[in-house]
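Below, each chain spelled out in residue letters.
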Amino acid sequence: MSLIERIEQSGQKKLLAIDGGGIRGVIALEILKRIEDTLRPNHNGDNFRLSDYFDYIAGTSTGGIIAAGLAVGMSVAEILEFYQSSGAQMFVKARLLERLRYKFDSEPLAKKLKGVFGPNTKFGSNDVRTLLLLVLRNATTDSPWVLSNNPYAKYNDGRRSDCNLNLPLWQLVRASTAAPTYFPPEVIALTGPKGRERQFVFVDGGVTMYNNPAFQMFMMATVDRYWERKPDARWRVGVDNMLVVSVGTGTTPDVRAGLEPEQMHLLFNATSIPSALMFAASNEQDLLCRVFGNCRAGDPIDRELG
């Protein structure tokens, strides 16, 4: 079945989102393995993949690696083996001199991702079986970039010189995982409307408000402007029309009992504010999903909301 046929077929749409969290992605993978094992007996046996069940898969940061792997038909076991064999190389914080020395296409994470997804596989390749959403931050323009391979999206028109579907899949995944201080940023060359090439610097999508990609995926599946070239193809809301599963990697609020005002100096704020904003963003996205949907499972958000 082609991607367009899958998008337009009738029936309930199933969406999967995977949060960021570095090497803690193995936690999400263990949950996904249980889901895969549960579904397998009724869906094609040993050949079953989560891409056979989910129509739209989204991820931020380490969740972007997992989402892309699932979308191209990898089993959870294959992705888990990749994390177990390569995690130490992928997620070890590089020393400053190493980060200055790495070429953008030769540092450990880039090399691993090129090996998994192939150096020439495009975002719009037929190898991508599902709709796929990746969250990046364009540091050059100071803006979040939420990219989907939806063939009906405005910037996925093959007639455009700046069609996003022509971008290398491995490079988009690498950009989504380029956590500041851990990895060098990813430089992606984009061709503008007049054929002029311009380079943009991208970093981890986890440092945007879309650190939890579930609600953004819901929006991009249902808002007509994200289906500009065929708005009638957008997916319908409602529990009968849509199932959204969001898998996290765990959270650890940075509680500081006994914190004194004089301790909140410049260095303290520089090191604590980014994680505080990411934690708050994840909670907000989680809350929005529950407000707009009919939540079947999820940990308490706080003591007031339950």
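For the structure itself, consult the block above.
Everything numeric in this text was worked out from a predicted model, so none of it was measured.

Parameters and conventions
Residues numbered from 1 in each chain as written. Predicted model: local features only at pLDDT ≥ 70, side-chain atom pairs only at ≥ 80, totals over all residues. Heavy atoms only, no water. Helix = DSSP H or I, 4+ residues; strand = E, 2+ residues; numbered from the N terminus. Buried < 20%, exposed > 50% of the residue type's maximum accessible area, 1.4 Å probe, protein only. Contact = heavy atoms within 4.5 Å. Lys, Arg positive; Asp, Glu negative; His and termini not counted. Charge placed at Lys NZ, Arg CZ, Asp CG, Glu CD. Axes fitted to C-alpha atoms, helices over the stretch in contact; angles between N-to-C directions. Left-handed = near helix turned anticlockwise from the far one by under 90°. Nonpolar A, V, L, I, M, F, W, Y, C, P; charged D, E, K, R; others polar.

Caption draft 1: Inspection of the overall build of the chain at higher detail. The helix and strand tally for the chain stands at 10 helices and seven strands. Dimensions along the principal axes, computed over C-alpha positions, put the chain at roughly 60 × 50 × 40 Å. Relative to its 306 residues, the chain shows a buried fraction of 45%. A fraction of 70% describes how many contacts in the chain between residues 6 or more apart in sequence connect residues 24 or more apart. Across the chain, 35 positive and 33 negative side-chain charges occur, with their mean positions spaced 5 Å apart.

Caption draft 2: Seen up close, the packing of helix 2 (residues 25-39) against helix 4 (residues 62-71). One can describe the packing of helix 2 onto helix 4 by two numbers: an axis separation of 9 Å at closest approach and a directional angle of 35 degrees. With respect to the hand of their crossing, helix 2 and helix 4 are arranged in right-handed fashion. Within the contact between the two elements, helix 2 uses Gly25, Ala28, Leu29 and Leu32 and helix 4 uses Thr62, Ile66 and Leu70. Split by residue class, the contact of helix 2 with helix 4 holds five nonpolar, two polar and no charged.

Caption draft 3: Seen up close, the environment of Gly73. Structurally, the position occupied by Gly73 is in the loop between helix 4 and helix 5 (76-91). Under the relative-accessibility criterion, Gly73 is labelled buried at 12%. Excluding residues that lie within four positions of it along the chain, Gly73 makes contacts with Arg49, Ser51, Glu78 and Arg129.

Caption draft 4: Representation of the environment of Leu287. Along the chain, Leu287 falls in helix 10 (residues 266-292). Between the C-alpha atoms of Leu287 and Ser85, which are 202 residues apart in sequence, the distance is 35 Å. Not counting residues within four places of it along the chain, the set of residues in contact with Leu287 comprises Ile301 and Leu305.

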